[in-house]
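# Fold and contact review
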Amino acid sequence: MDYASASTPSGKRVALVMGNSAYQYAVELPNPKNDAKLMSETLRAAGFTVLDGENLDKAAMTALVDQFTEIAYDAEVAIVYYAGHGLQVDGRNYLVPIDAQLEKAAQLQTRTIPADKVLAALPPDPAVSIIILDACRDNPLARSLAKVLPASRSASIGAGLAPVQANGQSVGSGGLLIAYATDPGAVAYDGKGVNSPYTAALARHLATPGLEIQSALTRVRADVSEATGGAQRPWHNASLSREVFIGGDAPAQTAQTLATEASAHTSASTDKTDVNWTVEQKLWEEASKRNTVAHYELYLQQYPNGNFATLAKLNLDQLKTVAKTEVAAVAPAGEASASASQIRTAVAVPDDVKQTVGTPETEAALNLDKGARIDLQLRLGALGHVTGGADGALGAKSRDAIGAWQRQNGLIETTYLTQQQHIFLVAQTDPMMPQIRAQYEAQKKAAAALRKAQTPVRQKVATQQRVKRQQPPAEDTLEGPVERRGSGMDPAGAAFAGGLLGGALGGIIGNR
């Protein structure tokens, strides 16, 4: 399998590394300057031209970013690494120089470096741009700022950093990757050693020869989570158009070759921490791309308990057409009950699904038409999440259903989907969908039949009401009061028919 990469020896590769420790108006952070030194050494060893600086004030930090902007303009790969204090206000991130004093509201603009300035320093396509932020530490400067901001803005100061959507920043043949030391809105640890847990893990994995950068960051996440007892979980957001090997290209390999390597490796050690994650990931990518029984069986033979084993088994069952999943007591519009929970707990959530946060922009990028939105509502309903009906309008109830699904699967609850989340939801629910869709179509036909049956009655009622309005008042007639006849249906019959129609339609058209 051939891989196009962004690491050819002739390509210009540059990096900007900044570490701020000696804050003048906050307690000194011991590790950022050490972290910056470690990252500079790591990237220089990988062939990068590195601009670096430690304990930078506002003027020095601005000048270094400007210098990097000029040097990086024609680079093939550009990396920006920052360690130190950072903060978010109104969903925007700011990097904090060592001389920042945030005791007035206006000083947010005059004493910090907006993260947008760093984004603007990156080279245009087709370059690959990477931003790494170890800047989510507990920040007393943010608390000082919150005291002087208006109440409406101080409430918008969050812990850690806000997520930045990489797919909204880059198009073309290159791309952008943004890596964070911990989850959005969470606080990272400075660490008890010489380096922070995050940067120490980056130095171990980022420049490993033949290791694609997103695989390296998966290893980093595992190391940091283990080192902090699960309290800190790094993540990244990427819109890369090709694979990136910071430590050198990966060799072209076939699925069979990868399986042979995996077999040799697993025979040497059964310890999960020693598994060659790169080999497993490539073998899975080959299987999912080919989508054949043989490829899935090959993956499962080598990794019966691997990261993608549950998905592989699910896809294998579908290909063999032996999935016998039953959904008992399917509720209106596909809102299922007990047996659906057996399905949703059978599929593990891959790391790439967890690492990307849903926003209106990520969901808009899915380009869901009305039919696709109805399909989404049916899938959520099949897992027991009440959407209010499958009408293609993603209103409040549907948003609540998406949020409940995200929460149930350990995802950040935003009520908006990402592409990875949508793919995962489809994988979870595909075995159930034939029955769910059949139920939905049957309900639509029943509702249409009821509407058709009611049409003559409604027309008759409308005609009589029109005649009634046209008749003169009783006192103006010579014959006296006119007898007003009913619609032809007794009140009890009309109530029964209306209730029957309303009940049938309620399962399909919910109040949004």
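Structure: see above.
Not measured: the values here are computed from a predicted model.

### Describing unusual backbone geometry
Despite not being glycine, N55 shows a phi value in the positive range, around 50°. Tracing the backbone shows N55 in the loop between β2 (49–54) and α2 (58–72). A positive phi is found at T415, a non-glycine position, where the angle reads about 70°.

### Concerning the pattern of salt bridges
By the definition in use, this model includes 9 salt bridges. Across the pair R204 and D223 runs a salt bridge, and its minimum N-O distance is 3.3 Å. Of this pair, R204 sits in helix α7 (residues 197–205) while D223 sits in helix α8 (residues 213–227), placing them 19 residues apart in sequence. You can call R204 partly exposed: its relative accessible area is 48%. Residue D223 is classed as partly exposed on the basis of its relative accessible area, which comes to 23%. In this structure, the salt-bridge partner of E441 is K444, at a minimum N-O distance of 3.8 Å. Here K444 and E441 lie together in helix α19 (residues 433–470), a separation of 3 residues that amounts to about one turn.

### What about the packing of aromatic side chains?
Using the criterion set out here, one finds 2 aromatic pairs in the structure. Here Y180 and W235 contribute two aromatic rings whose centre-to-centre distance is 4.9 Å and whose plane-to-plane angle is 5°, an arrangement assigned as stacked. Here W235 lies in strand β10 (residues 235–238) and Y180 lies in strand β9 (residues 175–180), a separation of 55 residues in the sequence. On the accessibility criterion, Y180 (1% relative accessible area) is buried. With centroids separated by 6.3 Å and ring planes inclined at 45°, the aromatic side chains of W405 and F424 adopt a geometry described as tilted. Within this pair, whereas W405 is found in helix α17 (residues 396–408), its partner F424 is found in helix α18 (residues 419–429), the two being separated by 19 residues in sequence. A relative accessible area of 3% means that F424 is categorised as buried.

### A look at the pairing of strand β5 (residues 92–95)
Across 4 bridges, the pairing between strand β4 (residues 86–89) and β5 is antiparallel. Its bridge partner lying in β5, L87 is registered against Y94. As defined by bridge partners, β5 adjoins strand β6 (residues 113–114) across 2 bridges and the pair is classed as antiparallel. Note that in β6 the partner of Y94 across the bridge is P114.

### Side note on the sheet that holds strand β3 (residues 77–83)
Spatial strand order, β2-β1-β3-β7-β9-β10: 6 strands in an open sheet with mixed pairing. At either margin of the open sheet sits one strand with a lone partner, and together these are β2 and β10. Within this sheet the neighbouring strands show an average axis-to-axis angle of 10°, counted without direction. Note: strand β1 (residues 13–19) against β2, 6 bridges, orientation parallel. Paired with M18 across the bridge in β2 is G53. Across the face of the sheet, helix α1 (residues 32–45) comes into contact with β1, β2, β3 and β7 (128–134) while running at roughly 170° to β1.

About the thresholds
- Residues numbered from 1 in each chain as written.
- Predicted model: local features only at pLDDT ≥ 70, side-chain atom pairs only at ≥ 80, totals over all residues.
- Heavy atoms only, no water.
- Helix = DSSP H or I, 4+ residues; strand = E, 2+ residues; numbered from the N terminus.
- Salt bridge = Lys/Arg side-chain N within 4 Å of Asp/Glu carboxyl O.
- Buried < 20%, exposed > 50% of the residue type's maximum accessible area, 1.4 Å probe, protein only.
- Phe/Tyr/Trp six-rings, centres within 6.5 Å; stacked < 30°, edge-to-face > 60°.
- Pairing = 2+ DSSP bridges.
- Axes fitted to C-alpha atoms, helices over the stretch in contact; angles between N-to-C directions.
- Contact = heavy atoms within 4.5 Å.

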